[in-house]
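Understanding the architecture of this molecule
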Amino acid sequence: MRNTTGKIRKKSEFARVMKQLGKNKLAVLGLIILVLEIILCAGAPLFTKYGYAEMDYMSFMDPTPSGQHIFGCDSMGFDIYTRILYGGRYSITIGIAAILISACIGIIIGSVAGYFGGQTDNIIMRLLDVIQAIPGMLLMIVISAMLGTGFLNTILALSVSSIPGMARMLRAQMMKERGNEYIEASQSINCSKFRIIFIHLLPNCISPIIVQATMGVAQTITMAASLSFIGLGVQPPAPEWGAMLSASRAYIRQYPHMVIFPGLAIAVTVLALNLLGDGLRDALDPKLKN
């Protein structure tokens, strides 16, 4: 009976959030754009006849949209449209994977610090202060330089810089919730600390993390592009959007199309994620519950 009631509550809460989200037209627009991008990138071979490393020797730096190359070609004769589709696999995957890693670690750290408090909280917070004392971009550059370039190393470098923010946000929520009566009731019947933290407390504290993670994906995609732009992220011939911008910067005046289209891909993706994040923030806001 208890499990059935819990499932009903979860379903009703999910339905409420989806209903509230559906009322926000900008959030729905962001979600539609994001879903379309994921479909296009995941099914890239279905939407283009070229491979991302396939050269057209007759169309080097061709800026003219045509039936053959709708976004033109770059300095190597690669079809820009094709490389944007395949590049989305790298950029979006990096953004999501880095945030998932940082969120998981941040949730564990923030939960422990927020629930136990005292000396445990003090030690954890001082360690996070040390990490946050280093500018985020500088920290990512240092980690990337130490680990080297590449897809997985870029994900690791980006995830480390996001951990303190996630941990601090969850810690604050935990400290608000831990004094409530339902936590005292759980303690009185000798629930394990693990169960109290992850079964009772965490579901009531997770909403800000979901919003932060959604917007964090947008920021991480931008940071990944920045790392690739300065030569520390995903490297050519992999068609990551930042790497495409880096390879095209020398031709920005003569052939601006080589920079415009990858830049638009980043801008549209970040905008869609921010719109969705804003909508989720409003939908998950307890003040809006009926």
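Just so you know, these numbers come straight off a predicted model, no measurement behind them.

Regarding the nonpolar core
Formed by 41 residues in total, the largest nonpolar core has its most connected members in Leu170, Met174 and Trp241. A per-element tally of this core places helix 12 (residues 257-284) first, with 10 residues. Aside from chain neighbours lying at most four places away, what touches methionine 174 is Gly110, Ser111, Gly114, Tyr115, Ile197, Leu201, Leu202 and Cys205. Within the second largest apolar cluster, 11 residues are counted, among which are Ile94, Met140, Leu232 and Ala238.

Focus: helix 5 (residues 118-132)
For helix 5, spanning 15 residues, the distance from its first C-alpha to its last is 21 Å, which sits close to the expected 21 Å at 1.5 Å a residue. Turning to helix 5, its buried residues are Asp121, Ile124, Met125 and Leu128. The arc enclosing the buried residues of helix 5, seen along the axis, measures out at 100 degrees, which places them on a common side. Residues of helix 5 that are exposed and point more than 90 degrees away from the buried face comprise Gln119, Leu127 and Val130. Against the buried residues of helix 5 lie helix 4 (80-116) and helix 7 (151-177).

Topic: the packing of aromatic side chains
For the structure shown, the criterion picks out 6 aromatic pairs. Seen in terms of ring centroids, tyrosine 52 and tyrosine 86 are 5.4 Å apart; in terms of plane orientation they differ by 50 degrees. Their pairing is tilted. Residue tyrosine 52 is located in the loop between helix 3 (44-47) and helix 4, and its partner tyrosine 86 is located in helix 4; the two are separated by 34 residues in the primary sequence. With a centroid separation of 5.2 Å and an interplanar angle of 85 degrees, the aromatic rings of tyrosine 115 and phenylalanine 116 are classed as edge-to-face. Owing to a relative accessible area of 40%, phenylalanine 116 belongs among the partly exposed residues under this scheme. Note that arginine 249 overlies the ring of phenylalanine 229, its terminal NZ or CZ placed 4.9 Å from the centroid.

Details of the environment of isoleucine 105
Mapping isoleucine 105 onto the fold places it in helix 4. For isoleucine 105, a relative accessible area of 35% gives the class partly exposed. Considering only alpha carbons, one finds isoleucine 105 and isoleucine 163, 58 residues apart in sequence, at a separation of 6.6 Å.

Cut-off values and rules
- Residues numbered from 1 in each chain as written.
- Predicted model: local features only at pLDDT ≥ 70, side-chain atom pairs only at ≥ 80, totals over all residues.
- Heavy atoms only, no water.
- Core = buried A, V, L, I, M, F, W, Y, C linked by side-chain atoms within 4.5 Å.
- Buried < 20%, exposed > 50% of the residue type's maximum accessible area, 1.4 Å probe, protein only.
- Helix = DSSP H or I, 4+ residues; strand = E, 2+ residues; numbered from the N terminus.
- Contact = heavy atoms within 4.5 Å.
- Expected span 1.5 Å × (residues − 1).
- Arc of directions from axis to C-beta.
- Phe/Tyr/Trp six-rings, centres within 6.5 Å; stacked < 30°, edge-to-face > 60°.
- Lys NZ or Arg CZ within 6 Å of the ring centre and 35° of its normal.

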